[in-house]
Amino acid sequence: MHIWRFDTSSPTLGPLLEGSHDPLLVTLSIAIACFAGVTALMLADRMVASDSARNRAWWNIGGAVAMGCGIWAMHFTAMLAFSVEGHEHMEYSLGPTLVSMVPGIVGSGAALYCMSRPKLTTSQLLLGALLLAVGIGSMHYIGMEAMHMEGLRYDFPIFVLSIVVAFLLALAALYLHFRVRKLPAVSEKTLTLLAGVFMGLAVAGMHYTAREASLFYATTAAGPVEHGMPIANGTMTAIIVCFAALILGLSILVAWMDRQKAVQRMLEQVANTDALTGLPNRPHFLQRLSVALRHSRRSHTRLAVLFMDLNDFKIVNDSLGHATGDRLLQEFAGRLRSCIRAQDTVARFGGDEFVVLVRDLNMSEDVLKAVERLLKAMEAPVEFEDWKLHLRASIGISIFPDDSEQADELIQQADAAMYRAKTEQLDYCFFDKDLTDHSLLRVRLGNDLRDALKQNQLFLQYQPLVDLHTGEWIGLEALARWQHPLEGNIPPGVFAPLAERTGLVVQLGEWVLRQVCTQGRLWLEAGLDVGFIAVNIAAPQLSRTGFVAQLRQILKETGFPARYLELEITESSLMNTDQESIDRLHEIRDMGVSLAIDDFGTGYSSLSYLKNLPIDKLKIDQSFVEGALTDHRDQAVIRAIFDMGTSLGFDVVTEGIETEEQEQAVLSLGCRMGQGFFFARPLDVETVASALGKAARPTEPSTQ
Ligand SMILES: Nc1nc2c(ncn2[C@@H]2O[C@H](COP(=O)(O)O[C@H]3[C@@H](O)[C@H](n4cnc5c(=O)[nH]c(N)nc54)O[C@@H]3COP(=O)(O)O)[C@@H](O)[C@H]2O)c(=O)[nH]1
């Protein structure tokens, strides 16, 4: 800008000319500025989030180009909107037009760079706003020099005001974007949008204030003035469109990257979070534990792993239903979360197992503060509509580096300590090397079970159910067995609860069903009459939405006819099944599979409930058989179950018959079907096949 442009007393100046604006193009110019502002700030966000200097530099350049081109395009669109009487078709010189782009880009780039520090000081903010204002102002006044308008002069006070307007609006934009972005009430996107609009207004505000500072005089100078290569309006329009397209392209790129980032964040969230409680899950906890271990090694501090589960959760879940169980777990999770420190982590490992990581301990005893907070958080009962439940948890504690330096060992040790706390009815228990082998073995087995399924360590045995009058086999019950490579034979009474606890029961259940159906089909093809084969189904299997589809698929794949399959579900897990599980039972029955209630007499079934369940068979729990000879109360129970069951149309089987006397006793109480060691222990596949091969021959009572 020539300094004489402030001099309005030149003798070559004629009368002041009138100027006018096209409102549509004015609006467009403001829109371009705002759009560029939003795009530049979006790019600036990427710059701040970048993890390498190289990427930061690229995003800085992108932001500078978007903003610089936006300032430029805004300016020249506004100039297209403006006309001076007698100069309706304004021309521009190429040189200053191109040069005018530079200060906008440099000023914006420098301002965004100033703002990219992790901690923003007031002086950085002021410097950023100043650089941006200088960039916008320089662009404007250099751009004005490109105009073929000899009689252009400026009103000095308004000229200064235009720079002040640019500075203040730039300050507001940058403050909004970089300072108040952490306000919880406003979303980050809304703020970026608002701040971007302010950036645009800084550019437009500066331009239109500067326009007010511009005075256009007719000139009386003799002869034409040399301007260099001119650009016509049409060319200028084309250049503006190109720049607007460039900004649009940059903003689309950022929006696309944001979307990718959001999808990635969502996937990470799903992979790392327990769906029911929203807490980190096991893999996420392991990641945090390994980071915390590294930190503890460096800082020579201790950390603690607290393993806990809810006492009697299974009973509550089975007897009061899954909805209540879920509510209890959510409440427990919420309380744990509320009483841990910011640097600690609470995670859900599955079922009712929760683990807390307590960091930065000087002494192992320091963890007791956290334990006390946890226990206190459990004190208030969980309130349901018209009743209350008390949460009680047992906590096992292991300490790094005192107990172990390995993440998995620390977890196992805390788990074993929790088991001891539970069995000794303590609130908490520290791991110590004297913990019984039994506690540690139990934890180890839980972990080994996962491999057992993959490595074929599990197999099935079959125990016959017999007609008490004829001794003939009427069916078989499949029972899972685990041959552990080191520990030998692990009974299902031990590993089935572990499978439930670790969530493996669903996988185990699927494996058993597939094995049974495959084997059943082979026996049928061999012409052996199996009667039916019963499979034990655990409550978590039945409560899965996909269970019926899975069962249908297995029957289809193995070709085992549904009518030969029976599912046994324990009375306790059936008692409070939700409507969805009951619907599932109906679907299963409609497929032709029969259903039996196992361990009948140990739960609290109501008769109306039984009447509505699609059940074929009751299996009287073996605990009643022991007293069938001598205890008149057991005799009364067996007789009552038998009478009620048969009058409701069910078959009734008595389990656990071990002697001939017991067989006679249950026969005399009316029972016609039984199962027990007296007839046969669970048998392997070959023994069953050879026994079935001898066909219709009544089974000799077992002497095993
Ligand atoms: N979810 C699944 N649970 C399973 C599966 N396989 C077994 N189990 C459950 O484990 C519990 C213990 O089973 P197990 O050690 O196999 O004992 C069974 C029989 O051997 C035993 N039985 C049979 N007759 C007698 C007898 O005369 N005396 C005596 N003391 N025990 C006897 O009873 C068990 C079968 O009981 P039930 O299932 O109630 O019919 C047990 O709860 C199994 O259900 C599996 O694949 N999935």
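Procedures and definitions
- Residues numbered from 1 in each chain as written.
- Predicted model: local features only at pLDDT ≥ 70, side-chain atom pairs only at ≥ 80, totals over all residues.
- Heavy atoms only, no water.
- Salt bridge = Lys/Arg side-chain N within 4 Å of Asp/Glu carboxyl O.
- Helix = DSSP H or I, 4+ residues; strand = E, 2+ residues; numbered from the N terminus.
- Buried < 20%, exposed > 50% of the residue type's maximum accessible area, 1.4 Å probe, protein only.
- Near = heavy atom within 4 Å.
- Polar contact = N/O pair within 3.5 Å; in protein donor to acceptor, adjacent residues only side chain to side chain.
- Areas by Shrake-Rupley, 256 points an atom, 1.4 Å probe, with all protein chains shown as cover.
- Nonpolar A, V, L, I, M, F, W, Y, C, P; charged D, E, K, R; others polar.
- Patch = residues over 30% accessible without salt bridge, like charges linked within 9 Å, V, L, I, M, F, W, Y side chains within 5 Å.
- Lys, Arg positive; Asp, Glu negative; His and termini not counted.
- Charge placed at Lys NZ, Arg CZ, Asp CG, Glu CD.
- Phe/Tyr/Trp six-rings, centres within 6.5 Å; stacked < 30°, edge-to-face > 60°.
- Lys NZ or Arg CZ within 6 Å of the ring centre and 35° of its normal.

> I keep staring at the pattern of salt bridges and nothing clicks. Help me out?
It is possible for side chains of opposite charge to pair when their charged atoms get near one another. On inspection of all chains with the given rule, the structure shows 19 salt bridges. The partner of Lys422 in a salt bridge is Asp309, and the shortest N-O contact between them spans 2.6 Å. Linking Lys422 in helix H13 (residues 407-423) with Asp309 in strand S8 (residues 302-310), this pair joins segments that are 113 residues apart in sequence. Residue classification places Lys422 among the partly exposed residues on the basis of a relative accessible area of 26%. With a relative accessible area of 6%, Asp309 lands in the buried category.

> Looking at this model, I keep getting lost on the site of the ligand. Mind explaining?
The local shell around the ligand holds 21 residues, among which Arg481, Asp599, Glu655, Glu658 and Phe677 are the closest. For the ligand, an oxygen atom lies 3.0 Å from a polar atom in the side chain of Asp598. The protein chains hide 79% of the 820 Å² of surface that the ligand would expose on its own. Considering each element in turn, the shell around the ligand owes the most residues, four residues, to strand S16 (residues 473-484). Residue composition of the shell around the ligand, by class: seven nonpolar, six polar and eight charged.

> Explain a negative patch on the surface to me, please; I cannot follow it from the model alone.
A contiguous patch of negative charge on the surface is contributed by Asp578, Asp583, Glu587 and Asp590. Along the chain, the position of Asp578 falls in the loop between helix H19 (571-575) and helix H20 (579-590).

> Please explain the packing of aromatic side chains as it appears in this structure.
Remark: the centre distance and the inter-plane angle together describe each pair of aromatic rings, the angle taken between the planes. Taken as a whole and judged by the stated rule, the model has 15 aromatic pairs. Considering the side-chain rings of Tyr462 and Trp523, the 5.0 Å spacing of their centres and the 70° angle between planes classify their relative orientation as edge-to-face. With a gap of 61 residues between them, Tyr462 in strand S15 (residues 458-467) and Trp523 in helix H16 (residues 505-525) connect regions that are remote in the sequence. Residue Tyr462 shares its accessibility class with Trp523, and that shared class is buried. Here a set of aromatic residues connected by ring pairs shows up, and it is made of Tyr141, Tyr154, Phe156 and Phe159. Above the face of the Phe677 ring, Arg681 is positioned so that its terminal group lies 4.0 Å from the ring centre.

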